[in-house]
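This is what each chain is made of:
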Amino acid sequence: MDLSKLSLVFKIIIIAIVYIIIFFALRIMYKDIKNGGRRARTGNRKSFGLEIIEPGNNANLRRGGVIPIQSEITVGRKNDNLLVLDDPYASGHHARIYIKNNDCIIEDLRSTNGTLLNGLKVEGREYLNSGDEIKIGNTSFRVIG
């Protein structure tokens with residue numbers, strides 16, 4: 001094979017590689033423009049969960065289990081709650097735990113017996129930190145995340 005033919009083949013390969021690189025760069029720029037410069041926010045979002053310390057009378061809970069908190073969890077004795085407690089000391093709609101601006105917040109929903117956070121009664125809304133203990137009736141949870 002002639003050296004000039006080999007040189008021509010290498011030139012074509014190099015040009016093809018350059019065009020492929022340009023194609024992928026333009027594709028990435030198009031996606032950025034299409035999204036309006038917004039990036040996916042999954043990396044900086046904190047995740048929280050409730051570890052079950054004491055399940056109380058609840059057959060649907062087990063010690064050591066974790067309940068993830070995606071956006072909001074309502075807790076109470078009524079069946080329309082996300083977390084239903086079989087506990088005589090829990091109100092029908094006892095508490096709400098939700099995420100707002102990467103913070104986890106608990107709100108007592110004017111329950112009869114109250115919600116305890118680290119042994120203190122929750123008045124209105126309280127911010128939760130990792131390791132905090134929540135007690136509703138005979139059931140206890142630890143915040144993880």
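Residues numbered from 1 in each chain as written. Predicted model: local features only at pLDDT ≥ 70, side-chain atom pairs only at ≥ 80, totals over all residues. Heavy atoms only, no water.

1. Some words on the pattern of salt bridges
Any two side chains of opposite charge can pair if their charged atoms end up close together. Applied cut-off: The rule for a salt bridge is simple: a side-chain nitrogen of Lys or Arg has to be within 4 Å of a carboxyl oxygen of Asp or Glu.
Under the counting rule described, the total for this entry stands at five salt bridges. Several salt bridges converge on common partners, so that one network encompasses Glu72, Arg96, Glu107 and Arg125.

2. Details of the side chain of Glu107
This is how it is decided: Helix numbers and strand numbers start at the N terminus; a helix is a DSSP run of H or I with at least 4 residues, a strand a run of E with at least 2. Working rule for contacts: check all heavy atoms of both residues, and any pair within 4.5 Å makes them a contact.
The residue Glu107 is located in strand E6 (residues 103-108) in this model. Excluding residues that lie within four positions of it along the chain, Glu107 makes contacts with His94, Ala95, Arg96, Tyr98, Gly124 and Arg125.

3. Some thoughts on the environment of Ile12
Of note, Ile12 is situated in helix H1 (residues 3-34). Remark: the alpha-carbon pair of Ile12 and Ile105, spanning 93 residues in sequence, is separated by 61 Å.

4. Side note on the sheet that holds E6
This is how the line gets drawn: We treat two strands as partners when DSSP finds at least two bridges between them.
Strand order across the open sheet formed by five strands is E4-E3-E5-E6-E9, with mixed pairing between neighbours. In this open sheet, the two strands that pair with only one neighbour each are strand E4 (83-84) and strand E9 (125-128). Summarising the sheet, strand E3 (residues 72-76) and strand E5 (residues 95-100) pair through four bridges and their orientation is antiparallel. Note on E5: the bridge partner recorded for Thr74 is Arg96.

5. With respect to the UniProt feature "domain: FHA" (unreviewed entry) in the chain
Quick reminder of the rule: UniProt positions are given in the numbering used here, feature names are shortened, and annotations may be inferred rather than shown by experiment.
When the UniProt feature table is mapped to this numbering, "domain: FHA" (unreviewed entry) covers residues 73-122. Annotated as 0% helix and 44% strand, the span residues 73-122 places its first and last C-alpha atoms 16 Å apart.

6. A look at the UniProt feature "transmembrane region" (unreviewed entry) in the chain
The positions that UniProt labels "transmembrane region" (unreviewed entry) are, in the present scheme, residues 6-30. Helix makes up 100% of residues 6-30 and strand 0%. Its end C-alpha atoms lie 36 Å apart.

7. Structural notes on the pairing of strand E11 (residues 139-144)
Sheet topology places strand E1 (residues 48-54) next to E11; five bridges connect them, and they run antiparallel. Its bridge partner being in E11, Gly49 is matched across the sheet by Ile144. Bridge count for strand E10 (residues 133-136) against E11 is four bridges, and the pairing is antiparallel. Among the inter-strand pairings, Lys135 is bridged to a residue of E11, identified as Ser140. Between E10 and the antiparallel strand that follows it, E11, lie two residues; Gly137 among them carries a positive phi value of about 60°.

8. Here we look at the sheet that holds strand E8 (residues 120-121)
The six strands are arranged E2-E1-E11-E10-E7-E8 in an open sheet whose pairing can be described as antiparallel. Either end of the sheet is taken by a strand with one partner, and the two such strands are strand E2 (66-69) and E8. Here strand E7 (residues 116-117) pairs with E10 via two bridges, running antiparallel. Each bridged residue has a counterpart across the sheet, and for Leu116 the counterpart in E10 is Lys135.

9. A short note on the nonpolar core
Short version of the rule: Only buried residues count toward a nonpolar core. Its members are Ala, Val, Leu, Ile, Met, Phe, Trp, Tyr and Cys residues joined through side-chain atoms within 4.5 Å. Whether a residue is buried, partly exposed or exposed follows from its accessible area with a 1.4 Å probe, protein chains only, as a fraction of its type maximum: under 20%, in between, or over 50%, in that order.
Ranked by size, the top nonpolar core spans 23 residues in total, and within it Ile134 and Phe141 carry the most contacts. Of all elements in the fold, only E1, E2, E3, E5, E6, E10 and E11 reach the threshold of two or more residues within this core. Residues contacting Phe141, with those up to four places away along its chain left out, are Leu50, Glu51, Ile52, Ile53, Leu61, Ile67, Leu83, Leu85, Asp132, Glu133 and Ile134.

10. A short note on a nonpolar patch on the surface
What counts, and what does not: Patch membership needs two things, relative accessible area over 30% and no salt bridge, and members are linked within 9 Å if like-charged or within 5 Å if nonpolar (Val, Leu, Ile, Met, Phe, Trp, Tyr). Each accessible area value is a Shrake-Rupley result obtained with a 1.4 Å probe; residue values ignore everything except the protein chains displayed when judging cover.
On the surface, a nonpolar cluster with roughly 670 Å² of combined accessible area is contributed by Leu3, Leu6, Val9, Phe10, Ile13, Ile17 and Ile21. Relative to the helices and strands, Phe10 is located in helix H1. Phe10 gets classed as partly exposed once you look at its relative accessible area, which sits at 49%.

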